[in-house]
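Coordinate analysis (summary)
The chain contents come next:
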Amino acid sequence: MKMIQPQLEILLLIGALTASALGQAPPRSTTYLRCGWMFDGKSDQLQKNVTIAIDGERIQSVGAAAGQVPNSQIVDLSRETCLPGLIDTHTHILLQGDMTAADYAEQLLKQSPEYRTILATVNARRALMYGFTTIRDLETEGAGYADADVKKAINNGVIPGPRMQVATRALDVTGAYPLQGYAPSVDVPHGVQIVDGMEDARKAVREQISHGADWIKVYSDRSYSVRPDGVLDDIPTFTLDELRAIVDEAHREHHKVASHAMALHGVHNSVVAGVDSVEHGNYIADDDLKAMASQGIFYVPTIFVGDYVAQGRAATGAPVWLKMVAIHEDTFRRALKAGVKIAFGTDAGGFDWKIDPAREFGYMVKFGMTPAQAIRAATSSAAELLDMQDDVGAIATGKLADIVAVPGDPLKDVTALEQVDFVMKGGVVYKKP
């Protein structure tokens with residue numbers, strides 16, 4: 001037996017060299033997913049009895065059921081609905097929920113960035129297991145550039161997790177972002193990078209990009225109140241000149257800008273400055289909705305988190321959050337009617353990661369979307385926002401094999417997406433029934 005193994009290795013080596021000399025690639029295994037139904041990410045209906053052939057990390061073909069094929073692996077999902085891997089365009093893997101200011105302070109004051117990063121790796125895995133094969137993580141909330149390192153660890157195969165685009169530290173002005181309220185002599189951490197003035201803002205954009213930021217995030221408003229006419233008012237943070245400088249610098253370096261803008265002035269300034277996405281947008285004036293539609297600015301509404309934190313924040317002295325839920329629904333319906341591009345985003349991390357971010361789908365349908373529209377918001381539309389439409393967001397030949405499956409029909413009951421029981425990312429199966 002000791003002599004057979006070396007001889008076998010020599011024969012295999014000769015075979016490989018012969019194949020190389022003939023210009024032949026070594027034989028490769030194809031994986032076949034037999035789906036009972038399939039939503040491709042672009043249509044309004046399901047296709048029945050579809051087989052998806054996967055070669056390596058990409059989809060080779062989508063079509064009729066395959067027979068027995070040599071060197072193939074067949075995954076039976078004949079009782080499942082297959083969909084493109086879901087995309088969440090607004091997450092915070094470095095946060096564990098911040099219903100109240102005390103929750104937020106606890107994390108920044110009592111947890112080291114290193115410990116928070118360890119927890120973030122757990123959250124990244126949770127996101128993947130929920131069926132989110134791609135996320136855009138919109139800042140670390142005081143944990144520096146840890147999101148860029150988590151992304152690197154995933155890409156290098158060190159830990160499991162979704163594809164990530166990251167925003168690192170985010171930007172805000174002096175006196176506008178927690179932690180606030182401590183004695184002037186007490187030096188406390190802040191959840192953002194503080195910048196004041198146009199040159200300071202440009203420098204911060206350059207710095208964040210140099211440390212791995214894919215997106216630049218800005219906080220464009222704060223201090224919310226409801227006017228007698230029902231409009232959600234705010235205090236803008238950056239001056240319009242500062243905001244324009246940030247957008248200009250980011251765009252000059254071929255990066256996009258996401259703006260946390262919840263109310264009247266923050267949204268308006270963001271639209272005028274030319275940001276690429278408006279996050280939250282509880283209130284958006286009709287003229288700004290028209291401008292967003294014409295300029296292709298995306299709306300990422302994050303509905304569930306607002307409902308989730310409303311009671312807790314009201315109990316600690318901010319009852320405006322209870323009114324903001326109804327205002328948000330009206331804005332969402334007007335945005336749909338205005339033809340604004342809407343991408344799925346949840347603000348996961350603003351709520352506990354033990355809660356499935358797919359809860360957002362039910363809210364989007366409740367607020368006026370069809371299930372198909374809501375799913376497209378988390379697939380093809382989200383991929384467009386991230387400039388990843390060539391690779392993800394649809395089940396089609398040549399795309400990355402990011403595929404999930406659920407029992408039941410999500411077009412009849414969108415909450416089926418809270419029951420993802422099959423997850424494939426790049427042709428690798430991470431979860432199956």
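Here the structure is a predicted model, which means the values were calculated and not measured.

Let us look at the overall build of the protein chain. When its secondary structure is counted, the protein chain shows 13 helices and 18 strands. Seen along its three principal axes, the alpha-carbon backbone of the protein chain occupies a region of about 80 × 45 × 40 Å. Every one of the 433 residues in the protein chain was classed for burial, and the buried ones make up 54%. Taking all contacts inside the protein chain whose residues are at least 6 apart in sequence as the whole, residues at least 24 apart take part in 70%. Looking at the protein chain as shown, the accessible area adds up to about 18,700 Å², and 53% of this sits on carbon and sulfur atoms. Put simply, the protein chain has 41 plus and 54 minus side-chain charges, and the middle of one group is 5 Å from the middle of the other.

What follows is about the packing of aromatic side chains. On inspection of all chains with the given rule, the structure shows eleven aromatic pairs. The interplanar angle of 55° and the centroid separation of 5.5 Å between the aromatic rings of Phe 304 and Tyr 363 together place this pair among those described as tilted. Note that Phe 304 is positioned in helix 9 (residues 303-315) and Tyr 363 in helix 11 (residues 359-366), a separation of 59 residues in sequence. We note that Phe 304, like Tyr 363, is buried. Ring pairs connect the aromatic residues Phe 304, Tyr 308, Phe 351 and Tyr 363, which therefore count as one cluster. Just above the ring of Trp 215 sits the side chain of Arg 136; from NZ or CZ to the centre is 4.4 Å. Seen from the ring of Trp 321, Arg 313 lies directly overhead, with NZ or CZ sitting 4.5 Å from the centre.

Rolling a probe over the atoms, with the probe sized like a water molecule, indicates the empty space that remains. Tallied over the entire structure, the rule returns one cavity of 30 Å³ or more. Here the largest cavity is characterised by a volume of approximately 40 Å³. Forming the boundary of the largest cavity are Asn 282, Ile 303, Gly 306, Asp 307, Met 324, Val 325, His 328 and Phe 367. Only helix 9 and helix 10 (320-338) provide two or more residues apiece to the lining of the largest cavity. Tallied by class, the residues present in the lining of the largest cavity amount to four nonpolar, three polar and one charged.

With that out of the way, let us pick up the packing of helix 3 (residues 113-129) against helix 4 (residues 146-155). At a closest axis distance of 10 Å, the pairing of helix 3 and helix 4 adopts a crossing angle of 50°. Compared by their axis directions, helix 3 and helix 4 come out oblique. Between helix 3 and helix 4 lies a crossing of right-handed hand. Residues Thr 117, Ala 120 and Ala 124 of helix 3 form the contact with helix 4, whose participating residues are Ala 146, Val 150 and Ile 154.

This part is about the layout of surface pockets. Here the largest pocket is characterised by a volume of approximately 950 Å³. Together, 39 residues line the largest pocket, and Asp 98, Tyr 177, Pro 178, Arg 313 and Trp 321 are the ones closest to its centre. Secondary-structure elements contributing two or more residues to the lining of the largest pocket are helix 2 (101-110), strand 10 (215-219), strand 11 (221-226), helix 9 and helix 10. Per-class residue counts for the lining of the largest pocket are 17 nonpolar, 14 polar and eight charged.

On to the confidence of the model for the protein chain, then. Mean pLDDT over the protein chain works out to 93, with 92% of the residues at or above the 70 mark. A low-confidence stretch, residues 1-26 stays under pLDDT 50, and its non-local contacts, those more than four residues away or across chains, total one contact.

The final tally for this structure, using the stated rule, is one disulfide. Between Cys 35 and Cys 82 runs a disulfide, and the two sulfur atoms are separated by 2.2 Å. Because the torsion about its S-S bond is -90°, the bridge between Cys 35 and Cys 82 counts as left-handed. Of this pair, Cys 35 sits in strand 1 (residues 30-38) while Cys 82 sits in strand 4 (residues 72-84); the two residues are 47 residues apart in sequence, bridging distant segments of the chain.

The next thing to look at is the pattern of salt bridges. A full pass over the atoms with the stated rule returns 19 salt bridges. Notably, a salt bridge pairs Arg 206 with Glu 249, separated by 3.0 Å at the nearest N-O pair. Highlighted residues: Arg 206 in helix 5 (residues 198-210) and Glu 249 in helix 6 (residues 240-252), separated in sequence by 43 residues. The residue Asp 387 makes a salt bridge to Lys 256 at a minimum N-O spacing of 3.3 Å. Note that Asp 387 is positioned in the loop between helix 13 (380-385) and strand 16 (403-407) and Lys 256 in strand 13 (residues 256-261), a separation of 131 residues in sequence. Judged by its relative accessible area of 53%, Asp 387 is exposed.

Criteria and thresholds
Every chain begins its residue count from 1, and numbering advances along the sequence as written. With pLDDT at 70 or above as the cut-off, local features in this predicted model cover only qualifying residues; side-chain atom pairs require 80 or more to be listed or tallied, and sums for whole chains, interfaces and linings still use all residues. Heavy atoms from the whole structure form the basis of all side-chain values; hydrogens and water molecules are not counted. Helix and strand labels come from DSSP, where a helix needs a run of H or I of at least four residues and a strand needs a run of E of at least two; each type is numbered from the N terminus. Buried residues are those whose accessible area, probed at 1.4 Å on protein chains only, stays under 20% of the maximum for their type, while exposed residues exceed 50% and partly exposed ones sit between those limits. Any two residues having at least one pair of non-hydrogen atoms within 4.5 Å are treated as being in contact. Reported accessibility uses the Shrake-Rupley method at a 1.4 Å probe radius. Residues are deemed covered only where the shown protein chains occlude them. Charged residues are defined narrowly, with Lys and Arg counted positive, Asp and Glu counted negative, and His plus the chain ends left uncounted. Where a charge sits is defined by one atom per residue type, namely NZ (Lys), CZ (Arg), CG (Asp) or CD (Glu). Only the six-membered ring of Trp is used, alongside the rings of Phe and Tyr, when aromatic pairs are assigned; centres must lie within 6.5 Å, and planes under 30 degrees apart are stacked while those over 60 apart are edge-to-face, with the rest tilted. For a ring to carry a charge above it, either NZ of a lysine or CZ of an arginine must fall within 6 Å of the ring centroid while also lying within 35 degrees of the normal to the ring plane. For cavity detection a 1 Å grid was placed over the protein atoms alone, and a set of points counts as a cavity when a 1.4 Å probe fits there but cannot get out; an open set counts as a pocket when protein lies on both sides within 12 Å along at least five of seven lines, with lining residues being those that have an atom within 4 Å of a point. Grid points are joined across faces, edges and corners, and a volume is the space filled by probe spheres set on the points. Residue type decides the class: Asp, Glu, Lys and Arg count as charged, Ala, Val, Leu, Ile, Met, Phe, Trp, Tyr, Cys and Pro as nonpolar, and the leftover types, Gly among them, as polar. Lines fitted to C-alpha atoms define the axes, with helix axes restricted to the stretch in contact, and inter-axis angles between N-to-C directions lie between 0 and 180 degrees. Oblique is the label for every angle not falling under 35 degrees (roughly parallel), over 145 degrees (roughly antiparallel), or within 65 to 115 degrees (roughly perpendicular). Each crossing gets its handedness from the near helix: less than a right angle anticlockwise from the far helix is left-handed, clockwise is right-handed. On a range of 0 to 100, pLDDT expresses the predictor's confidence in each residue. By definition, disulfides here are pairs of cysteine sulfur atoms that lie within 2.5 Å. What counts as a salt bridge is simple: a side-chain nitrogen of Lys or Arg found within 4 Å of a carboxyl oxygen of Asp or Glu.

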